[in-house]
Amino acid sequence: MPMTATAVRVDASHDAARINRPEPLAALFADGGFFQRDRSLHPPAHAPGYKSSVLRSPRNALLSLENSVSEITGPVFGHNDIGPLDNDLIRNYAKDGDPVGERILVHGRVLDETGRGVPNTLVEFWQANAGGRYRHKKDTYLAPIDPNFGGCGRTLTDEDGYYYFRTIKPGPYPWRNYVNSWRPAHIHFSVFGSGFAQRLITQMYFEGDPLIPICPILATVPDADALNRLVAPLDLNASTPFDSLTYRFDIVLRGRRSTYFENRREGN
């Protein structure tokens, strides 16, 4: 399945009667200007070890296109757009019981390059089930579909940029890169700014996963610190006794400390 995006703490308080427009991601300043982008942190588009990149990577210089008005002015999301179980993947698809697997909580903050929280930001997440299978017609992995797990949800950051959601820890799965290639357990993230053109996508991985160092996709990330920012550490202090462990994943939108976003390699 496609690779996705990253972040720090989640779920938002938003006045339904008066929706505040999120701060544009492109307008994050420090000391009167932007932090310089470090383009060396991003993988090359053409990475033979990641086989599918060979055919889909561009061979010519990229063109810069001006955004349309609709791309930079909307959509604007508020709490009226979020259901009461949207950030609870354990319950939001359950039919006749809880899904199978390890119960976890993921939390963090969406931050700008100065460490300020970015409020009212739509954060979406999707993942495989505990057996490593997505609820998707093209996923034919032999692991069974869990009838009580949909694998997707969303939430809004609060005034401090904080978010959180409950879910089942996803399982690893094989993929047709080489004979025995496996993807580490991961959760996909999408973060929206004030327009569709500002959508950023990444993936979160789990601390201590032995598949991370041997994943062909993650091997294309040239900087160890950038790779570490995709790995969520265990946050035992925020865990629920006799219920669920918690992992913390902070998303930094721009600058030298930025999270790696797969759809904006050319400059976060």
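Above this note sits the structure.
These notes cover the structure that comes with them. (Residues numbered from 1 in each chain as written. Predicted model: local features only at pLDDT ≥ 70, side-chain atom pairs only at ≥ 80, totals over all residues. Heavy atoms only, no water.)

On to the overall build of the chain, then. Regarding its fold elements, the chain presents 3 helices and 11 strands. Listed N to C, the secondary structure of the chain is α-α-β-β-β-β-β-β-β-β-α-β-β-β in terms of helices and strands. For the chain, buried positions account for 49% of its 268 residues. Contacts in the chain between residues far apart in sequence, at least 24 positions, make up 76% of those at least 6 positions apart. For the chain, the computed accessible surface area is about 13700 Å², with 54% contributed by carbon and sulfur atoms. (Helix = DSSP H or I, 4+ residues; strand = E, 2+ residues; numbered from the N terminus. Buried < 20%, exposed > 50% of the residue type's maximum accessible area, 1.4 Å probe, protein only. Contact = heavy atoms within 4.5 Å. Areas by Shrake-Rupley, 256 points an atom, 1.4 Å probe, with all protein chains shown as cover.)

Turning our attention to the nonpolar core. Formed by 25 residues in total, the largest nonpolar core has its most connected members in V106 and F189. Contributions of two or more residues to this core are made by strand 1 (103-111), strand 2 (122-127), strand 4 (162-168), strand 7 (186-191) and strand 8 (200-206). When sequence neighbours within four positions are dropped, the list of residues in contact with V106 reads Y163, Y164, F165, I187, F189, M204, Y247 and F249. Membership of the second largest hydrophobic core comes to 15 residues, among which are C215, I217, L218 and V221. (Core = buried A, V, L, I, M, F, W, Y, C linked by side-chain atoms within 4.5 Å.)

With that settled, the discussion passes to the pattern of salt bridges. According to the stated counting rule, one finds 8 salt bridges in the structure shown. Here R166 makes a salt bridge to D88, at a shortest N to O gap of 2.9 Å. Of this pair, R166 sits in strand 4 while D88 is found in the loop between helix 2 (69-73) and strand 1, placing the two residues 78 residues apart along the sequence. Between D98 and R103 there is a salt bridge; the shortest N-O distance is 3.4 Å. (Salt bridge = Lys/Arg side-chain N within 4 Å of Asp/Glu carboxyl O.)

Moving on: the packing of aromatic side chains. Under the definition given, this model contains 11 aromatic pairs. Ring centres 6.4 Å apart and planes at 20 degrees place the aromatic pair Y163 and F165 in the stacked group. Residue Y163 shares its accessibility class with F165, and that shared class is buried. Seen from their ring centres, F189 and F249 are 5.0 Å apart, and the 45 degrees between their planes marks the pair as tilted. Here F189 is found in strand 7, whereas its partner F249 is found in the loop between strand 10 (245-248) and strand 11 (251-252), with 60 residues between them in sequence. Taken together through their ring pairs, the aromatic side chains of F125, Y163, F165, F189 and F249 make up a single cluster. Note that K95 overlies the ring of Y93, its terminal NZ or CZ placed 4.2 Å from the centroid. Here the basic side chain of K169 rests over the ring of F206, its NZ or CZ set 5.0 Å away from the ring centre. (Phe/Tyr/Trp six-rings, centres within 6.5 Å; stacked < 30°, edge-to-face > 60°. Lys NZ or Arg CZ within 6 Å of the ring centre and 35° of its normal.)

Right, let's talk about the pairing of strand 8 for a bit. Two faces, one strand: in a regular strand the side chains alternate between the faces of the sheet. Burial within strand 8 is extensive, with 7 of its 7 residues counted as buried. A two-sided burial pattern is seen for strand 8, the buried positions comprising L200, T202, M204 and F206 on one face and I201, Q203 and Y205 on the other. Pairing between strand 7 and strand 8: 6 bridges, direction antiparallel. What sits directly across from F189, in strand 8, is T202. Both strand 8 and strand 9 (residues 231-232) contribute to a ladder of 2 bridges, which runs parallel. Bridge pairing in strand 9 links F206 to A232. (Pairing = 2+ DSSP bridges.)

With that settled, consider a nonpolar patch on the surface. Together, L234, L236 and L245 make up an exposed nonpolar region whose accessible area comes to about 250 Å². Along the chain, L236 falls in the loop between strand 9 and strand 10. The exposed category is assigned to L236, whose relative accessible area is 55%. (Patch = residues over 30% accessible without salt bridge, like charges linked within 9 Å, V, L, I, M, F, W, Y side chains within 5 Å.)

Within a beta sheet, neighbouring strands are joined by backbone hydrogen bonds and run either parallel or antiparallel to one another. Here 5 strands make up an open sheet; going across it, the order is 3-2-7-8-9 and the pairing mixed. If you trace the sheet from one side to the other, it starts and ends with strand 3 (152-156) and strand 9, each paired once. The pairing of strand 2 with strand 3 spans 5 bridges and is classified as antiparallel. Residue pairing in the sheet places F125 in a bridge with G153 of strand 3.

In this section: the pairing of strand 7. Burial analysis of strand 7 places 6 of its 6 residues in the buried class, which makes it a mostly covered element. Side-chain alternation along strand 7 places H186, H188 and S190 on one buried face and I187, F189 and V191 on a second face that is also buried. Alignment of strand 2 against strand 7, held across 5 bridges, turns out to be antiparallel. Residue pairing for strand 7: Q127 is matched across the bridge by I187.

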